[in-house]
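Listed below, chain by chain, are the residues.
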Amino acid sequence: MQRLILRPRPWPISLILFMVWVAVWIVMWASAAEAQVGTLRLATGLSSPTYLTAPPQDFNRVFVTERAGDIEILDATTGAIAALPFLSLTNVETLASVAFHPDYATNRFFYVYYHDTSNEVRLVRYEAMSGNPDQADPLSAMPLLNLTNSGHFGGWIGFGPDGYLYVQIGDGGDFMSHDAPGNGQGITTELNANILRLDVDGDDFPGDPDRNYAIPATNPFVGGTALDEIWAYGLRNPWRGSFDRLTGDYYFADVGQDTREEFNVEEAGSLGGRNYGWRLREGSIATPTGGVGGPQPPNGINPVYEYATNGTGANEGDSITGGYVYRGPIPELRGLYFFGDFASSRIWSLQVDPVAQTVSNFFDWTSDFTPDVGSIESIVSFGEDARGHLYIVDFGGEIFRVIGPEPVPSLPPLGSIVIGMSLLLTGSMSLRRREPKGDQ
């Protein structure tokens, strides 16, 4: 006699994997929903760091400049500092920034901008060692540009989407006739107080060992009376710049004297040649000190955004630090321009329309960005790594990374869900025929 016996049949492997995948997705989704935007201290113990960046497509490291002349390498995941500096410079008053050539992976060229102990600003090219990517060759130095400048030296350099190197230089301070009407407006004789645009892959001055660059033919003053290197002018102390890695728009801040802090935007495709007003203008007003203020020059442009210098309000400060348009992994931050203030240690964001030169959706992140450990003070720079993560550089020696809910994997396609549910409903129990044994 045969007997029908109900017996559980093992679930198919495909069903088990499907259920595990859904469970993992639910956990990740719940975790992301609970996560908040904030900051994580990545590193501490640095010596007056001034800037952070990373070579193109280098997802494992970030490079930090220190004021006295060292460039340190940090592990982008753990924040561990390499045992030896990438490069150590001498006779440096302030090492302001470093920029890696767009073809760094093949040519190993990088550029440093610093203010030396002889009141010179220097732009120098170096080369990384061919057999050791964590070490630069100190003997590979090739000067590109030297200028007398006792202060307000700006100091940001970076490559634009066009492959040219942009160099932000301040007006030199009192030593450079700071109160003279021509300061910032004397573009026929003076490279200070301007943004330069250089082709570092050529050399238009083969007879000059201190000028090893070419002039892009599309620079706005080529063929005229103004100096051909100049891209924009009328700046006091342009402190930090960046290119939006998605759109190519160019953002740069300018530290004011007594009245205004500002940032400006050149939209992608700009032809350059704009006059940002200094020394005639401070922000959107006539310079109120020194007896040199005047009306907006015919080719002048007001800042996209400004706030009061020496201000004590929540939206004010005393020394603006330019930042970045966020393009990293946190969806809710994408498209926001982040910037801050060195003196007040406040951090803000805005949405900017570079073409219309308007801003909207101002937000103060200072409280939200309270870190897990330490405190964010003296914001000397923001930084961006190869993945688009945003960093905050504290002049006191700390590096912070902005963190928050990142995208989670999507659920499987609808067809997979239907198949999985069908297996779940029909495959858990089945009839199995078993032959009788003995007297059964």
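Residues numbered from 1 in each chain as written. Predicted model: local features only at pLDDT ≥ 70, side-chain atom pairs only at ≥ 80, totals over all residues. Heavy atoms only, no water.

Details of the layout of surface pockets
Stage number 1. Its boundaries defined by the atoms lining it, the largest pocket holds a volume of some 690 Å³.
Stage number 2. In terms of lining residues, the largest pocket is bounded by 25 residues, among which Ala54, Pro56, Phe159, Arg245 and Glu384 are the most central.
Stage number 3. Elements represented by at least two residues in the lining of the largest pocket include exactly strand 3 (49-53), strand 7 (92-100), strand 11 (157-159) and strand 15 (241-243).
Stage number 4. Around the second largest pocket sit 15 residues that line it, and Phe153, Asn237, Trp239, Ser319 and Val380 are the ones nearest its centre.
Stage number 5. Its residues placed into classes, the lining of the second largest pocket shows six nonpolar, six polar and three charged. (1 Å grid on protein atoms, 1.4 Å probe; cavity = no way out; pocket = protein on both sides within 12 Å on 5 of 7 lines; lining within 4 Å. Points joined across faces, edges and corners; volume = space filled by probe spheres on them. Helix = DSSP H or I, 4+ residues; strand = E, 2+ residues; numbered from the N terminus. Nonpolar A, V, L, I, M, F, W, Y, C, P; charged D, E, K, R; others polar.)

Let's talk about the nonpolar core
Nonpolar side chains tend toward joint burial in soluble globular proteins.
Stage number 1. Ranked by internal contacts, the top residues of the largest apolar core, which has 57 residues, are Leu123, Val167, Phe263, Phe339 and Ile399.
Stage number 2. Filtering out sequence-adjacent residues up to four positions away, Leu123 remains in contact with Tyr111, Val112, Met142, Pro143, Leu144, Leu145, Ile157, Leu165, Val167 and Leu198.
Stage number 3. Formed by 47 residues, the second largest nonpolar core is a distinct cluster that contains Val37, Phe243, Ile301 and Ile330. (Core = buried A, V, L, I, M, F, W, Y, C linked by side-chain atoms within 4.5 Å. Buried < 20%, exposed > 50% of the residue type's maximum accessible area, 1.4 Å probe, protein only. Contact = heavy atoms within 4.5 Å.)

Structural notes on the side chain of Glu282
Stage number 1. In this structure, Glu282 sits in strand 18 (residues 281-282).
Stage number 2. No salt bridge is formed by the buried Glu282, whose closest oppositely charged neighbour, Arg279, lies at an N-O distance of 5.8 Å.
Stage number 3. Reaching out from Glu282, the side chain makes a polar contact with the backbone nitrogen of Asp258 at a distance of 3.0 Å. (Lys, Arg positive; Asp, Glu negative; His and termini not counted. Salt bridge = Lys/Arg side-chain N within 4 Å of Asp/Glu carboxyl O. Polar contact = N/O pair within 3.5 Å; in protein donor to acceptor, adjacent residues only side chain to side chain.)

Regarding the sheet that holds strand 10 (residues 136-148)
Stage number 1. Reading across the sheet, the four strands line up as 7-8-9-10 and stay open at both edges, with antiparallel pairing between neighbours. A strand with exactly one partner marks an edge of an open sheet, and here the two such strands are strand 7 and strand 10. Strand after strand, the sheet turns through a mean of 25° between neighbouring axes, direction not considered.
Stage number 2. Direction of pairing for strand 9 (residues 120-128) relative to strand 10: antiparallel, over a ladder of eight bridges. Along strand 10, the bridge assignment pairs Glu120 with Thr148. (Pairing = 2+ DSSP bridges. Axes fitted to C-alpha atoms, helices over the stretch in contact; angles between N-to-C directions.)

Some thoughts on unusual backbone geometry
Glycine aside, a negative phi is what most residues show, and trans is what most peptide bonds show.
Stage number 1. The omega torsion across Trp278 and Arg279 is 20°, close enough to zero to call that bond cis.
Stage number 2. Tracing the sequence through the fold places Arg279 in the loop between strand 17 (260-266) and strand 18.
Stage number 3. For Arg108, which is not glycine, the phi dihedral falls at a positive 65°.
Stage number 4. Positionally, Arg108 belongs in the loop between helix 2 (104-107) and strand 8 (109-116).
Stage number 5. Its relative accessible area of 24% is what places Arg108 among the partly exposed residues.

Focus on the packing of aromatic side chains
Aromatic ring pairs are defined here through the distance separating the ring centres and the angle between the ring planes.
Stage number 1. Overall, the coordinates contain 34 aromatic pairs when judged by the stated rule.
Stage number 2. Plain terms: the ring middles of Phe110 and Tyr126 are 6.0 Å apart, the flat faces sit at 20° to each other, and that makes the pair stacked. Here Tyr126 lies in strand 9 and Phe110 lies in strand 8, a separation of 16 residues in the sequence. Pair check on accessibility: Phe110 and Tyr126 agree, each one buried.
Stage number 3. Centre to centre, the rings of Phe252 and Tyr276 are 5.2 Å apart; their planes meet at 85°, and the pair counts as edge-to-face. On the criterion of sequence distance, the pair formed by Phe252 in strand 16 (residues 250-254) and Tyr276 in the loop between strand 17 and strand 18 is long-range, its members being 24 residues apart. The exposure classification of Phe252 matches that of Tyr276, with both residues buried.
Stage number 4. The structure contains a cluster of three or more aromatic residues connected by ring pairs, namely Tyr251, Phe263, Tyr305, Tyr307, Tyr337, Phe339, Trp348 and Phe362.
Stage number 5. Over the ring of Trp239 we find Arg240; its NZ or CZ atom is 4.2 Å from the centre of that ring. (Phe/Tyr/Trp six-rings, centres within 6.5 Å; stacked < 30°, edge-to-face > 60°. Lys NZ or Arg CZ within 6 Å of the ring centre and 35° of its normal.)

Side note on the environment of Leu227
Stage number 1. Mapped onto the fold, Leu227 is located in the loop between strand 13 (194-198) and strand 14 (230-233).
Stage number 2. The exposure class assigned to Leu227 is partly exposed, which follows from its relative accessible area of 23%.
Stage number 3. Separated by 31 residues in sequence, Leu227 and Leu196 have C-alpha atoms that sit 9.6 Å apart.
Stage number 4. With residues near it in sequence (within four places) discarded, Leu227 still touches Ile187, Thr188, Thr189, Glu190, Leu191 and Phe221.

So, the sheet that holds strand 12 (residues 165-168)
Stage number 1. If you trace the four strands from one edge of the open sheet to the other, you get 11-12-13-14, paired in antiparallel fashion. Unpaired on one side and paired on the other, strand 11 and strand 14 mark the two borders of the sheet. Strand-to-strand twist across the sheet, computed as the mean angle between neighbouring axes with direction ignored, equals 20°.
Stage number 2. The pairing of strand 11 with strand 12 spans three bridges and is classified as antiparallel. When the bridges of strand 12 are listed, Ile157 appears paired with Val167.

As for the confidence of the model for the protein
Stage number 1. Confidence along the protein averages 88 in pLDDT terms, with 82% of residues attaining 70 or more.
Stage number 2. In the model, residues 24-34 has pLDDT below 50 throughout and makes 10 contacts with residues more than four positions away in sequence or in other chains.
Stage number 3. Contacts for the low-pLDDT stretch residues 427-440, under 50 throughout, to residues beyond four places or in other chains number 22 contacts. (pLDDT = per-residue confidence, 0-100.)

Re the pattern of salt bridges
Stage number 1. Considering all chains together, one arrives at 14 salt bridges under this definition.
Stage number 2. A salt bridge links Arg41 to Glu398; the shortest N-O distance between them is 2.7 Å. Of this pair, Arg41 sits in strand 2 (residues 38-43) while Glu398 sits in strand 27 (residues 398-403); the two residues are 357 residues apart in sequence, bridging distant segments of the chain.
Stage number 3. Relative accessible area serves as the criterion here: at 25%, Arg41 is assigned to the partly exposed category.
Stage number 4. Across the salt bridge formed by Asp244 and Arg327, the nearest N and O atoms sit 2.8 Å from each other. With Asp244 in the loop between strand 15 and strand 16 and Arg327 in the loop between strand 21 (320-325) and strand 22 (337-341), this residue pair connects regions lying 83 residues apart in the sequence.
Stage number 5. You can call Asp244 buried: its relative accessible area is 4%.
Stage number 6. Beyond isolated ion pairs, a larger network of salt bridges with shared partners links Asp58, Arg61 and Asp134.

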